Amino acid sequence: MADSAELTRHLWDLAERHPTIRCLLDRWHAIDLPDARLSGSLIAQAHWNEVFGFDAHHGIDDADIVYFDGCDLSQETELAAERRIAALFADLPVRVDVKNQARVHLWYRAKFGYAIEPYRSIAGAIATFPTTSSAVGLRGGDGRDIIAPFGLADLLHPRVRANAAQITEAYFGKKAARWRRFWPDLEILPWTEARAPA
């Protein structure tokens, strides 16, 4: 099994090869949001497309940019940030979705049917993302770094393992059905092998 440094090199190589990821990270300074990261669903799906021989944007709906601003929890500010960044990256072939992770608890119950505790940091938010392979956040520009609370092995295998920190089995099943349609050879582990909450 590859060591952590080798997996990290593989991930940055993937980011350089994928046109949308490279564009976002090369122009990261323009995003200008506190503790912002490109989150892992785009990264994982870009890798799946490489592994299974699909077009670079096959099955990819959007590019999720997450940030953490605990000083401004207003929906208006979040929407203004999303509009600004969507305009900056209007040349990309995917929609850009921007979410302030400090305010997720304000709308989560209405969308998913149960409440969550407020996140305390961007790393804490990423640690609850639905799968171990999507629980990854990249920052570009001069301060390039990776947040990967479960490591990179599942992402680069590629393997999908549920992260049961927050999602339900039903939600995971719905997402898995979509992934199977687009990436039929993807290894998707059953819910019984989900990563248990910390």
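What comes next concerns the included structure. (Residues numbered from 1 in each chain as written. Predicted model: local features only at pLDDT ≥ 70, side-chain atom pairs only at ≥ 80, totals over all residues. Heavy atoms only, no water.)

### A short note on the overall build of the protein
- For the protein, the count of helices and strands is 8 helices and 7 strands.
- Since a compact globule built from 198 residues should have a radius of gyration of about 16 Å, the 16 Å found for the protein is in line with a globular shape.
- Structurally, the protein occupies a C-alpha span of about 40 × 35 × 30 Å along its principal axes.
- For the protein, the residues scored as buried account for 46% of the 198 residues in total.
- Taking as baseline every contact in the protein between residues at least 6 positions apart, the subset at least 24 positions apart corresponds to 71%.
- As displayed, the protein offers around 9,700 Å² of accessible surface, 51% of which is attributable to carbon and sulfur atoms.
- Seen as two clouds, the 23 positive and the 27 negative side-chain charges of the protein have centres 4 Å apart. (Helix = DSSP H or I, 4+ residues; strand = E, 2+ residues; numbered from the N terminus. Rg over C-alpha atoms; globule rule 2.2 N^0.38 Å. Buried < 20%, exposed > 50% of the residue type's maximum accessible area, 1.4 Å probe, protein only. Contact = heavy atoms within 4.5 Å. Areas by Shrake-Rupley, 256 points an atom, 1.4 Å probe, with all protein chains shown as cover. Lys, Arg positive; Asp, Glu negative; His and termini not counted. Charge placed at Lys NZ, Arg CZ, Asp CG, Glu CD.)

### Overview of the nonpolar core
- Formed by 46 residues in total, the largest nonpolar core has its most connected members in Leu 38, Ile 43, Ile 65 and Trp 179.
- Put simply, the parts of the chain that give this core at least two residues each are helix H1 (4-17), helix H2 (19-26), helix H3 (40-52), strand E2 (62-67), helix H4 (75-88), strand E3 (95-100), helix H7 (153-156) and helix H8 (169-182).
- Excluding anything up to four places from it in sequence, Leu 38 contacts Ile 21, Leu 24, Trp 28, Ile 43, Ala 63, Asp 64, Ile 65, Val 136, Gly 137 and Leu 138.
- In terms of nonpolar packing, the next biggest core, distinct from the first, is built from 13 residues, Val 104, Tyr 108, Tyr 119 and Phe 129 among them. (Core = buried A, V, L, I, M, F, W, Y, C linked by side-chain atoms within 4.5 Å.)

### Some words on the sheet that holds strand E1 (residues 37-39)
- Overall, mixed pairing links the 5 strands, which are arranged E3-E2-E1-E4-E5 in an open sheet. If you trace the sheet from one side to the other, it starts and ends with E3 and strand E5 (145-147), each paired once. Each strand axis lies, on average, 30 degrees off the axis of its neighbour in the sheet, ignoring direction.
- For E1 and strand E4 (residues 137-139), the ladder comprises 2 bridges, and the chain directions are antiparallel. Across the sheet, Ser 39 pairs through a bridge with Gly 137, a residue of E4. (Pairing = 2+ DSSP bridges. Axes fitted to C-alpha atoms, helices over the stretch in contact; angles between N-to-C directions.)

### Considering the pairing of E3
- As paired elements, E2 and E3 share 6 bridges and run parallel to each other. Residue pairing in the sheet places Ile 65 in a bridge with Val 98 of E3.
- For the crossover from E2 across H4 to E3, the handedness is right-handed. (Right-handed = clockwise from strand over helix to strand, strands pointing away.)

### Overview of the side chain of Asn 100
- With respect to the element layout, Asn 100 can be found in strand E3.
- A distance of 2.9 Å separates the side chain of Asn 100 from the backbone nitrogen of Asp 69, its partner in a polar contact.
- Discounting chain neighbours no more than four positions away, the residues touching Asn 100 are Tyr 67, Phe 68, Asp 69, Asp 72, Leu 73 and Glu 78. (Polar contact = N/O pair within 3.5 Å; in protein donor to acceptor, adjacent residues only side chain to side chain.)

### Examining the packing of H2 against H3
- In the contact formed by H2 and H3, the axes pass within 10 Å of each other and the chain directions differ by 145 degrees. Residues Thr 20, Ile 21 and Leu 24 of H2 touch H3, and the partners they reach there are Leu 42, Ile 43 and Ala 46.

### Examining H8
- Taking 1.5 Å as the rise per residue, H8 with 14 residues should run 20 Å; its terminal C-alpha atoms sit 20 Å apart, in good agreement.
- Along H8, the residues that are buried comprise Phe 172, Ala 176, Arg 178 and Trp 179. End-on, the buried residues of H8 take up no more than an arc of 160 degrees, which puts them together on one face. In H8, the exposed positions that point more than 90 degrees away from the buried face belong to Ala 170, Lys 174 and Arg 181. (Expected span 1.5 Å × (residues − 1). Arc of directions from axis to C-beta.)

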